[in-house]
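# Chains, contacts and geometry: an overview
For reference, the chains in residue letters:
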Amino acid sequence: MAAFVAPMVEAYFLLLSPTTAVLYMSSAIVDVCTETITSISVATTTDLFGTKNLGVNRNIPVTNIPIGSVIFGYVMEPNSVSLDD
C-alpha cells in the first residue's frame, strides 16, 4: 500500500502546478492510487479483522480516503493557482 501512497502524495503537490497537462496527469495519478488503495484496504481489512463485522470494517477505510482528499483540497485551495490568469 505504501507504494501507492508516495506517488499520490507527490501528485497532490503537483496539483499546484499552473499548467493544464500537469493537472490532468496528477489528477489521473491520484485517481489510480486512490482506487488501488481502496481495493487493497478492503482485502487487508478482511484478513485482519475477519468477516464478522465486514460491512463496518470495510466502510471505515473506504470512506476515509475520499474524506481526506476533500479536506486536503480545501486546505490547499487558498494556495492554488488560477488557470484563468
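One structure accompanies this document, and this report is about it. For clarity, every value in this text was computed on a predicted model and none was experimentally measured.

Criteria and thresholds
Residues numbered from 1 in each chain as written. Predicted model: local features only at pLDDT ≥ 70, side-chain atom pairs only at ≥ 80, totals over all residues. Heavy atoms only, no water. Core = buried A, V, L, I, M, F, W, Y, C linked by side-chain atoms within 4.5 Å. Buried < 20%, exposed > 50% of the residue type's maximum accessible area, 1.4 Å probe, protein only. Helix = DSSP H or I, 4+ residues; strand = E, 2+ residues; numbered from the N terminus. Patch = residues over 30% accessible without salt bridge, like charges linked within 9 Å, V, L, I, M, F, W, Y side chains within 5 Å. Areas by Shrake-Rupley, 256 points an atom, 1.4 Å probe, with all protein chains shown as cover. Salt bridge = Lys/Arg side-chain N within 4 Å of Asp/Glu carboxyl O. Axes fitted to C-alpha atoms, helices over the stretch in contact; angles between N-to-C directions. Parallel < 35°, antiparallel > 145°, perpendicular 65-115°, else oblique. Left-handed = near helix turned anticlockwise from the far one by under 90°. Contact = heavy atoms within 4.5 Å. Nonpolar A, V, L, I, M, F, W, Y, C, P; charged D, E, K, R; others polar.

For the rest of this paragraph, the subject is the nonpolar core. Listed in full, the seven residues of the largest apolar core are Met8, Ala11, Tyr12, Val30, Cys33, Ile37 and Ile65. Contributing elements (two or more residues each) for this core: helix 1 (2-14) and helix 2 (20-49).

Moving on: a nonpolar patch on the surface. Taken together, the side chains of Val5, Val9 and Phe13 make up a nonpolar region of the molecular surface, amounting to roughly 240 Å² of accessible area. Residue position: Val9 is located in helix 1. The exposure class assigned to Val9 is partly exposed, which follows from its relative accessible area of 38%.

The next point concerns the environment of Asp47. Structurally, Asp47 is set in helix 2. For Asp47, a relative accessible area of 67% gives the class exposed. Linking Asp47 and Phe72, residues 25 residues apart in sequence, is a C-alpha distance of 29 Å.

Here we take up the packing of helix 1 against helix 2. Interaxial distance between helix 1 and helix 2 falls to 8 Å at its minimum, and their mutual angle equals 150°. Taken together, the axes of helix 1 and helix 2 are roughly antiparallel relative to one another. Between helix 1 and helix 2 the crossing geometry is left-handed. Taken together, the residues of helix 2 that come into contact with helix 1 (itself represented by Phe4, Val5, Pro7, Met8, Ala11, Tyr12 and Leu14) are Val22, Leu23, Ser26, Ile29, Val30, Cys33, Thr34, Thr36, Ile37 and Ile40. When grouped by side-chain class, the residues that make up the contact of helix 1 with helix 2 number 14 nonpolar, three polar and no charged.

Read these as layout, nothing more, since geometry by itself doesn't imply function.
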